[in-house]
Amino acid sequence: MTTKSDILIIGGGPVGLSCAYYLLKSGRKVTILDAKEIGKGSGSGNAGHIVPSHIIPLAAPGVVTSALKWMLDPAHSPFGMKVSLNPNYISWLLKFVFACNEANVQRSIKPLNDLGQLSAKNFAQIVAEEKFDCSYQEKGLLFLYKTEKALHDGQHEGEFMQKHGIPVSVYDKMKIHEVEPAALDDVIGGVHFTGDAHLNPAVFLKLLSDLVRVMGAEVLENITVTGFESANGKITKVKTNTGDFDAEQVVLAAGAWSPSIARDLKLSIPIQPARGYSLTVSANKQMPSHALILGERRIAVSPMGDVLRFTGRLEVGNYSMTPNPVWLQRIENSAREYLRLDEKLDVKETWAGLRPTTPDGVPIIGKSPKHGNLILATGHAMLGLSLGPGTGQVVAELLNGQEASVSLSPMRLERF
Ligand SMILES: Cc1cc2nc3c(=O)[nH]c(=O)nc-3n(C[C@H](O)[C@H](O)[C@H](O)COP(=O)(O)OP(=O)(O)OC[C@H]3O[C@@H](n4cnc5c(N)ncnc54)[C@H](O)[C@@H]3O)c2cc1C
């Protein structure tokens, strides 16, 4: 049996759900297919940071040297990678290494900044208009530092971002302890990106999936897309483990799994999974009052109402989603270096997720170069939540024949 729909979205993570929301608002009919429960891909256990300040791509000068240095200190390294001779993996690594330069940073700032600003505005609007109760807070993102060198580098980065319109405040030792009393005494300063926000991503995704259902979306869980039929440059059938789907338009928003799905269309999408972990505990006696990044250790901290979450680690190339207890313990140990934490934490959830990472650190958004009725919305790496609502809006604009609110040419697949 074949099911017909107007727009079929593959993937119900932050990107797919945001696309559904803006398409439904514009009057389109939407079906979402997800291989798992909606929102349970890589979106639910993340740090929940909404960070328009993140305008520097992952592929930047010095990243390869830092990664090599970190590998000499494996117990504290925020970075790891799989050893493999898989040609797709090697090709991705080479593209990444070649993209770690100033020219790539300069090329990426505008698309990341434009999409980040649009998305942050959309988050505020969705939460207010739809009355989402998801621990959303516009208190910025605060970096804490313990060493002069890291504080100096953080300030330098802050000044660079300020030149691109990002609001930044720099705090000395006295001020940082006034602003964030949960910081331990040996934290010597901080950099505050005051335009950022945070929320509980699992709650946000649950509310958004409930809302798109109410708005009329057909949301189908536990259905895996297995392939396609196409003719004359158009997808004519989306094949799944439970039957075929016909759709006028298809949106591929399957995060780190997008490359394997697109392979059947002979479309090469350079994305590797970058796995990370999170540890969620009951509220600490002294909760941090901000979303934080623990500078030297690169651990994210997110107070979310009655829970506190720590996230960290970026391991390229591994698709397993099993949380690694050794790294979870190391994440907790690192957090204890900066924050007044209870002696024993009451663990509520341990989690692993995959950041869908492109070699240049910019997402892939736009029409497929090979299929007239396929839109790609993937590769958001560490920003898939943050850039979700902006992506949703521009995908809806594309599918409605309108000019996109941000220029999509730097995000086209053809750049690779
Ligand atoms: C530790 C960690 C912390 C992070 N912190 C943040 C943060 O603070 N802020 C931020 O913006 N981002 C953060 N991220 C990144 C963010 O979680 C991802 O970028 C985001 O989840 C990507 O969204 P997506 O919708 O593209 O993909 P996903 O969330 O992975 O959703 C893709 C969906 O596609 C489905 N799917 C896969 N294959 C198929 C198939 N064959 N058929 C049907 N469906 C399929 C999956 O089940 C999944 O639900 C973090 C990530 C990690 C790992």
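Our structure's up above, just so we're on the same page.
Notes on the structure in this doc start here. (Residues numbered from 1 in each chain as written. Predicted model: local features only at pLDDT ≥ 70, side-chain atom pairs only at ≥ 80, totals over all residues. Heavy atoms only, no water.)

1. Topic: the overall build of the protein chain
So the rule is basically this: Only DSSP runs of H or I reaching four residues or more are called helices, and only runs of E reaching two or more are called strands; each is numbered from the N terminus. To get the radius of gyration, use the C-alpha atoms; to get the globule rule, take the number of residues to the power 0.38 and multiply by 2.2 Å. Each residue's exposure class comes from its accessible area (1.4 Å probe, protein chains only) as a fraction of the maximum for that residue type: buried when under 20%, exposed when over 50%, partly exposed otherwise. It only takes one pair of heavy atoms within 4.5 Å for two residues to be counted as in contact. Computed with the Shrake-Rupley method and a 1.4 Å probe, the accessible areas treat only the protein chains shown as cover for residues. Under the convention used here, Asp and Glu are negative, Lys and Arg are positive, and both His and the chain ends fall outside the count. To locate a charge, the coordinates of NZ of Lys, CZ of Arg, CG of Asp or CD of Glu are taken.
What the protein chain contains, in helices and strands, is ten helices and 19 strands. What you see for the protein chain is a C-alpha radius of gyration of 21 Å, in line with the 22 Å of a compact globule of 416 residues. Dimensions of the protein chain, computed from the C-alpha atoms along their principal axes, are close to 65 × 45 × 40 Å. Within the protein chain, buried positions represent 56% of all 416 residues. Taking all contacts inside the protein chain whose residues are at least 6 apart in sequence as the whole, residues at least 24 apart take part in 77%. Summing over all exposed atoms, the protein chain offers an accessible surface of approximately 17,400 Å²; the carbon and sulfur share of this is 54%. Within the protein chain, the 41 negative side-chain charges are centred at a point lying 5 Å from the centre of the 42 positive side-chain charges.

2. A word on the pairing of strand E14 (residues 291-294)
Inclusion rule: The rule for pairing is simple: two strands pair if DSSP sees at least two bridges between them.
Of the two faces of E14, the one holding Ala291 and Ile293 and the one holding Leu292 and Leu294 are both buried throughout. Looking at chain direction, E14 and strand E15 (residues 299-304) are connected through three bridges and run antiparallel. Within the sheet, the bridge partner assigned to Leu294 lies in E15 and is Ile299. Linking two consecutive strands that pair antiparallel, namely E14 and E15, is a turn of four residues; a positive phi of about 55° is found at Arg298 within it.

3. Things to note about the pattern of salt bridges
Spelled out, the test is: By convention in these notes, a salt bridge is any Lys or Arg side-chain nitrogen within 4 Å of a carboxyl oxygen on Asp or Glu.
Evaluation of the coordinates by the stated rule reveals 20 salt bridges. Across the pair Lys110 and Asp114 runs a salt bridge, and its minimum N-O distance is 2.7 Å. Here the residue Lys110 and the residue Asp114 both occupy positions in helix H4 (residues 102-129), the gap between them amounting to four residues, near one helical turn. Residue classification places Lys110 among the exposed residues on the basis of a relative accessible area of 53%. In this structure Asp114 comes out as partly exposed when scored by relative accessible area, which is 26%. By sharing partners, the salt bridges in this structure join Arg275, Arg313 and Glu315 into a single network.

4. What about unusual backbone geometry?
Glycine aside, a negative phi is what most residues show, and trans is what most peptide bonds show. Positioned with a positive phi, Arg298 is a non-glycine residue whose angle comes to about 55°. Within the fold, Arg298 resides in the loop between E14 and E15. For Arg313, which is not glycine, the phi dihedral falls at a positive 80°. Looking at the element boundaries, Arg313 is found in strand E16 (residues 307-316).

5. Observations regarding the site of the ligand
Rules: Here, proximity means that at least one heavy atom of the residue falls within 4 Å of the molecule or strand. Here a polar contact is taken to be a pair of N or O atoms separated by no more than 3.5 Å, where protein atoms must pair a possible hydrogen donor with a possible acceptor and residues adjacent in sequence count only if both atoms sit in side chains. Any residue outside Ala, Val, Leu, Ile, Met, Phe, Trp, Tyr, Cys, Pro, Asp, Glu, Lys and Arg is labelled polar, Gly included; the first ten of those are nonpolar and the last four are charged.
For the ligand, the set of nearby residues contains 37 residues, the closest of which are Asp34, Ser42, Val225, Ala381 and Ser386. Contact between the ligand and His49: an oxygen atom at 2.9 Å from a main-chain N or O atom of the residue. At 2.6 Å, a backbone N or O of Ala381 approaches an oxygen atom of the ligand. Considering the ligand on its own, with 1,000 Å² of exposed area, one finds that the protein chains cover 96% of that surface. Of all the secondary-structure elements, those providing two or more residues to the shell around the ligand are helix H1 (14-25), strand E13 (272-282) and strand E17 (347-357). Sorting elements by how many residues they give to the shell around the ligand places E17 first, with four residues. Across the shell around the ligand, the residue classes break down as 19 nonpolar, 15 polar and three charged.

6. Considering a nonpolar patch on the surface
How we decide: Excluding any residue in a salt bridge, patches collect residues exceeding 30% relative accessible area, merging like charges within 9 Å and nonpolar Val, Leu, Ile, Met, Phe, Trp and Tyr side chains within 5 Å.
Together, Leu85, Ile90, Leu94 and Phe98 make up an exposed nonpolar region whose accessible area comes to about 470 Å². Residue placement: Leu94 occurs in helix H3 (residues 87-99). Given a relative accessible area of 48%, Leu94 falls into the partly exposed group.

7. Brief notes about the environment of Ala150
Here Ala150 is to be found in helix H5 (residues 148-162). Take Ala150: its relative accessible area is 13%, and that puts it in the buried class. C-alpha of Ala150 to C-alpha of Gly190: the two residues are 40 residues apart in sequence and 9.8 Å apart in space. Setting aside its immediate chain neighbours within four residues, Ala150 contacts Tyr145 and Glu296.

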